[in-house]
Amino acid sequence: MQMFIDGKVADAADSATINVINPATAKLIDTVPAATKEDISRTISAARKAQPAWAVVPVHEKVDILLKFLDLVGENHESLAQLLCAETGKPIVEARAEISNITIAFRAFCERAKHLYGQTIPAGMEAGQEHHVLITRREPLGVIVAVIPFNFPCDLFDQKVAPALLAGNAVVVKPSTDNPLTLCKLTALLGAAGIPAGVCQIVTGRGSTVGNWLCSDPGVDAITLTGSAEVGIETARNASAHLIHTALELGGNDAFILLEDGDVDLAVDELVWGRMYNTGQVCCASKRFLIQRSRIKEFTDKAVTKIASLKQGDPTDEDSKLGCLISENAAIQAADQTTLTVEQGAHIIS
């Protein structure tokens, strides 16, 4: 699969590629370009050139284009879900839900954009302003880089791309190298729906190269990144050289608390939703379980039974509730963390 730069599909300038592997089968799905610094410069240049004209397109016309995009998503819903399932390893039922979220989110942002009004500050609020009326209006920042993680690529695409486009910005999407294929298709569908060349583009490659080039380019006006704390620190450091705006959504250590008078059955159901969805690869998943001592045994017994009942298997199986982690390396890291926790005194219950 190719990148989408300046309204056209594109390979890397040196034709280098990166393999995209199905984490459930370890089989090659496709390849994507390993973008060069030349590719990144060309992408940013195209975005800067296209953004001013896009900024003055009326909101209702922007909305019409995004609604055409949603029609194309609807026509390709199942193929997009199957692709997301294959490259991410999440159960197909979860993949379909994530593709369905595109329509929900884009429509919501479209409606919100049509109701973003300016504000008028009444005269006389400050001394010397008795005969003045102050009016505020929103203006686009310019070129936005959207760095998107592997765990919910479409959901984060919705949240970052839709509002940025509706506000009149140009967007450059940087997906994870583990599963960039679905986002490449979605970006191309935006182009097919009528987004002008250069307004929404996608470049692929390692975060250590492509991500750093994007986040340190002076032609970028803002970066919105969802990822680890380590990547967030590096991004902030790169962006600081040019005072690029940054919005960083990083990792969490969320607590799940059950008090003595809590509903244990409900808590166990919430445990499965909060910890097991997407095989636990959720930034806001429950990480620490703080259970009132008097309810520990009941909660633990019911939790073990509930988790054991979840069918784990081929993500394409309609009955699978647990797929696999995003990569073999991720599985090794999880095993190492489990071993370390046991060495520190934890017990595995089954």
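Residues numbered from 1 in each chain as written. Predicted model: local features only at pLDDT ≥ 70, side-chain atom pairs only at ≥ 80, totals over all residues. Heavy atoms only, no water.

Peer 1: Break down the overall build of the chain for me, citing the residues and quoting the values.
Peer 2: On a plain count of helices and strands, the chain comes out with 11 helices and 13 strands. Reported as C-alpha extents along the three principal axes, the dimensions of the chain are approximately 70 × 60 × 40 Å. Here the chain holds 350 residues, and 42% of them are scored as buried. Of the contacts made within the chain by residues no fewer than 6 positions apart, 71% connect residues no fewer than 24 positions apart. Total accessible area on the chain is roughly 17,900 Å²; 55% of this is exposed by carbon and sulfur atoms. Charged side chains in the chain number 30 positive and 42 negative. The centres of these two groups are separated by 2 Å. (Helix = DSSP H or I, 4+ residues; strand = E, 2+ residues; numbered from the N terminus. Buried < 20%, exposed > 50% of the residue type's maximum accessible area, 1.4 Å probe, protein only. Contact = heavy atoms within 4.5 Å. Areas by Shrake-Rupley, 256 points an atom, 1.4 Å probe, with all protein chains shown as cover. Lys, Arg positive; Asp, Glu negative; His and termini not counted. Charge placed at Lys NZ, Arg CZ, Asp CG, Glu CD.)

Peer 1: Before we move on, could you go through the layout of surface pockets and cite the residues and values that matter?
Peer 2: Counted as a void, the second largest pocket has a volume near 710 Å³. In terms of lining, the second largest pocket is formed by 29 residues, of which the most central are Leu116, Arg138, Leu166, Ala167 and Gly168. Of all the secondary-structure elements, those providing two or more residues to the lining of the second largest pocket are α2 (59–75), α4 (92–113), α5 (153–166), β10 (222–226) and β11 (245–249). Take the lining of the second largest pocket: its biggest share by element is 4 residues, from α5. (1 Å grid on protein atoms, 1.4 Å probe; cavity = no way out; pocket = protein on both sides within 12 Å on 5 of 7 lines; lining within 4 Å. Points joined across faces, edges and corners; volume = space filled by probe spheres on them.)

Peer 1: Which residues make up the nonpolar core, and what values go with them?
Peer 2: Residues Phe69, Ile102, Phe157, Leu165, Leu186, Leu190 and Ile195 are the most contacted members of the largest nonpolar core, which totals 47 residues. Top element by residues in this core is α5. It accounts for 8 residues. Not counting residues within four places of it along the chain, the set of residues in contact with Leu190 comprises Leu66, Phe69, Phe157, Val161, Leu165, Ile195 and Cys200. By size, the runner-up hydrophobic cluster in this structure holds 21 residues, among which are Met3, Ile5, Ala10 and Cys215. (Core = buried A, V, L, I, M, F, W, Y, C linked by side-chain atoms within 4.5 Å.)

Peer 1: Describe the side chain of Lys90, and please don't skip the residues or the numbers.
Peer 2: Topologically, Lys90 is positioned in the loop between α3 (77–88) and α4. The exposure class of Lys90 is buried, given its relative accessible area of 1%. Only 2.9 Å separates the side chain of Lys90 from the backbone oxygen of Asn151, close enough to count as a polar contact. In contact with Lys90, other than residues within four places in its own chain, are Leu84, Cys85, Ala95, Glu98, Asn151, Phe152, Asn278 and Pro315. (Polar contact = N/O pair within 3.5 Å; in protein donor to acceptor, adjacent residues only side chain to side chain.)

Peer 1: Got a sec to walk through the pattern of salt bridges? Specific residues and values, please.
Peer 2: Evaluated as defined, the whole model comprises 13 salt bridges. Between Lys287 and Asp254 there is a salt bridge; the shortest N-O distance is 3.4 Å. Highlighted residues: Lys287 in strand β13 (residues 286–291) and Asp254 in strand β12 (residues 254–258), separated in sequence by 33 residues. Under the relative-accessibility criterion, Lys287 is labelled partly exposed at 29%. Among the charged side chains, a network of salt bridges with common partners joins Asp265, Arg295, Glu298 and Lys302. (Salt bridge = Lys/Arg side-chain N within 4 Å of Asp/Glu carboxyl O.)

By themselves, these are just geometric observations and shouldn't be taken as functional.
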